[in-house]
Every structure is written in structure tokens, then in C-alpha cells.
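Structure assessment
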Amino acid sequence: MSRTLRVAAVNVNGIRAAARKGMAGWLDAADVDILTLQEVRGEREHLDAALPGWHILEDRSLQKGRAGVAIASRLEPTASRIALGGESLESNGRWLEADFEVEGRTLTAVSAYVFTGEVGTPKQEQKWAFLEAMDARLPELAADGALAVVTGDLNVGHRELDIKNWKGNLKKAGFLPRERAYFDRWLGAAGESVTCADGTTGTGLGWVDVGRRFHGDVPGPYTWWSQRGQAFDNDSGWRIDYQLATPALAERVAAYRVDRQASYAERWTDHAPVVVDYAL
């Protein structure tokens, strides 16, 4: 017999605000087993209040009111880790791994919140360093046929299909060719040479973009919309929230969806949850 494990990822844009605006209603209906959160921007007491009865792991930012990631689960985690990269990398509140035992196998879920970046500033240098650290960690997570999924707000639109107005963002953080090149390598066929968006070549790691595999070559479905103008109403968005699965786990995807709210007024965050069912 197999068991369906539902994993959801969402940038809550502040856990207190999300809870106040209606996150509980979505969560009651979503029937999630593992929930990864990004941009928590709160204390443990705020997570406990928003998610009563859940097992909760968190990694807070050293800057109060900034970043913060968490993993809430109905299953009790068996281990967790927050280390990513060297001591010089500012990863606090941006990377959290949790292991779960499911049907006799270990599944690792990661909640990741990549820097937004800004071209020509130290913020972009932080983003490059973070992407480099992910580049080193992903092969380790996928070793020996492991079941692992990296979820969250990765702040990069990989392909033109992932941004409604991609032509106007070619030189902006979030759609820079060098940023997209990391995704080209991560999602390229394992061990094969990959030509990347920035003109470089690399070796594919074999990870799978669950959303793109499930929907095929169609625009979006987007997961974030600017608060300015009519971006949400016009569905002029970005697909920057992902579930990236190891090949062994990707084979077990049973369903994928983006829980976009029906109207602007019903939104409880400026992102939409990305929800995937895995048959284990």
C-alpha cells in the first residue's frame, strides 16, 4: 500500500499578518502533512499561535522582523539542520532541512528563502553566495537515490514562461541570466552537459521542477504578484515559489497545484501556496 504525503510551501509575508488575514481557513481546507514557510518575520510564539497542534521547526533571522523560515508538520521530524555554506554566508532565517520517516523511507524537506537581490549592490553578492551554497548542497541531498524536496521562495524565474513580463526584467534581479544558469544546471539531466542561460556550460544535477513537469510549457502558473497596480487581477505574476524534487521523489508526484486566491480581497499573502502530493 502507498501513502499520499501532501507538502505545501508558501511565503507568508509575515506569519502574524497571514494569520490575521485568513491563513487558518486555507490550511483547514488544504489537508497538508508538511508545510514549509518563508518570510515568517516573527517569533516562536507567533508560529505556535498560528499553527496550534503542529510540530514546528524554525530558523530565525538574526535581524528581527526579517526573513525567517519554518517547517510545520503533522509527522514528527526525526532530525533537522540549518547549516548551509561556510561561516561567511548569511543564511540565518533562510535555510531549514527536516527529515521525516515515511513508509520506511527517509524524506528530507527543505524550506528555503533565497535573497531577493539587487543588481550592483551587496544584496546581489549575498544572493550569489547563497546560490553557490545551494549548488554545493543539492548533490549531497540527492545522493544514493534519496527522497528530498527543496521548497520555497527561490526568488528566480527560471524561464520566460515563469514571468508574465519577462522582456522588461532581463536585467533585473530575479531573471538575470546568471541566476537562471543555476537552475539550468540543477534541473539539467544528471551528469550531462548543459548550456546555460548566461552562455556558460555546466553539468546537470538531475533535480526536477515539479511544477514545470506537471504543467508543461505553459505560462506560469504564477505564485507571486506585485502589490502595485492590477498585477494580481491581471495575473501579471512571477513563478518564483518552487518544489524541486530529487529524481526518486519526482517519480512519485501524484498532483500539483497553486492555491491562488479567488480575489485580491481574499489574499492572506502576496504569494500563493504551492501544493504537491507525493505517493510514497
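Everything that follows concerns the structure shown earlier in this document.
The text that follows walks through the structure, step by step, so that each part is easy to find. (Residues numbered from 1 in each chain as written. Predicted model: local features only at pLDDT ≥ 70, side-chain atom pairs only at ≥ 80, totals over all residues. Heavy atoms only, no water.)

Check the secondary structure of the protein chain and you find seven helices and 14 strands. Computed over the C-alpha atoms, the radius of gyration of the protein chain is 18 Å, within 12% of the 19 Å expected from 2.2 N^0.38 for a compact globule of 280 residues. In terms of overall dimensions, the protein chain has C-alpha extents of about 50 × 45 × 40 Å along its principal axes. Across the 280 residues of the protein chain, 54% fall into the buried class. (Helix = DSSP H or I, 4+ residues; strand = E, 2+ residues; numbered from the N terminus. Rg over C-alpha atoms; globule rule 2.2 N^0.38 Å. Buried < 20%, exposed > 50% of the residue type's maximum accessible area, 1.4 Å probe, protein only.)

Here the idea is simple: oppositely charged side chains can pair when their charged atoms come close. Within the structure shown, the criterion is met by 17 salt bridges. Arg81 is paired through a salt bridge with Asp99; the nearest N and O atoms lie 2.9 Å apart. Taken together, the residues Arg81 in strand 5 (residues 79-81) and Asp99 in strand 6 (residues 95-102) connect sequence positions 18 residues apart. One salt bridge in this structure joins Asp162 and Arg239, with 2.7 Å as the shortest N-O distance. Taken together, the positions of Asp162 in the loop between strand 8 (147-153) and helix 5 (177-187) and Arg239 in the loop between helix 6 (210-215) and strand 12 (241-245) put the pair 77 residues apart, joining distant regions of the chain. For the pair shown, Asp162 and Arg239 are each scored as buried. A single network of salt bridges, built from pairs that share partners, joins Arg81, Glu97, Asp99, Arg137 and Glu140. (Salt bridge = Lys/Arg side-chain N within 4 Å of Asp/Glu carboxyl O.)

Most of strand 7 (residues 105-113) sits inside the fold, with seven of its nine residues counted as buried. As judged from the eight bridges shared by strand 6 and strand 7, these two strands associate in the antiparallel manner. Along strand 7, the bridge assignment pairs Leu96 with Ser111. Judged from the seven bridges that link them, strand 7 and strand 8 form a sheet pairing that is parallel. Considered in strand 8, the bridge of Val110 is made with Val150. What joins strand 7 to strand 8 is helix 4 (residues 122-142), and the crossover it makes is right-handed. (Pairing = 2+ DSSP bridges. Right-handed = clockwise from strand over helix to strand, strands pointing away.)

One simple way to see leftover space: roll a probe sized like a water molecule over the atoms. Scanning the entire structure with this criterion turns up one cavity of 30 Å³ or more. Counted as a void, the largest cavity has a volume near 40 Å³. Lining the largest cavity we find Trp225, Phe232, Asp259, Arg260, Gln261, Arg267, Thr269, His271 and Ala272. Looking at the lining of the largest cavity, its residues break down into three nonpolar, three polar and three charged. (1 Å grid on protein atoms, 1.4 Å probe; cavity = no way out; pocket = protein on both sides within 12 Å on 5 of 7 lines; lining within 4 Å. Points joined across faces, edges and corners; volume = space filled by probe spheres on them. Nonpolar A, V, L, I, M, F, W, Y, C, P; charged D, E, K, R; others polar.)

Ranked by internal contacts, the top residues of the largest apolar core, which has 33 residues, are Leu5, Ile34, Phe100, Leu107, Leu249, Tyr278 and Leu280. Top contributing element to this core by residue count: strand 6, with four residues. (Core = buried A, V, L, I, M, F, W, Y, C linked by side-chain atoms within 4.5 Å.)

Right, let's get into the sheet that holds strand 12. The strand order 5-6-7-8-12-11 describes an open sheet built from six strands, whose pairing is mixed. Single-partner strands in this sheet number two, and they are strand 5 and strand 11 (208-209). Where strand 11 meets strand 12, two bridges bridge the pair, whose relative direction is antiparallel. Counterpart to Asp209 in the pairing with strand 12 is Leu244. Seen against the sheet, helix 4 touches strand 5, strand 6, strand 7 and strand 8 and runs at an angle of roughly 15° to strand 6. (Contact = heavy atoms within 4.5 Å. Axes fitted to C-alpha atoms, helices over the stretch in contact; angles between N-to-C directions.)

With respect to burial, strand 4 (residues 69-73) is a largely interior element, five of its five residues being buried. The alternating pattern of strand 4 places Val69, Ile71 and Ser73 and Ala70 and Ala72 on opposite faces, both of which are buried. The pairing of strand 2 (residues 34-38) with strand 4 spans five bridges and is antiparallel. Bridge assignment links Leu37 to a residue of strand 4, and that residue is Ala70. Pairing between strand 3 (residues 55-59) and strand 4: five bridges, direction antiparallel. In the sheet register, Leu57 faces strand 4, and the bridge partner there is Ile71.

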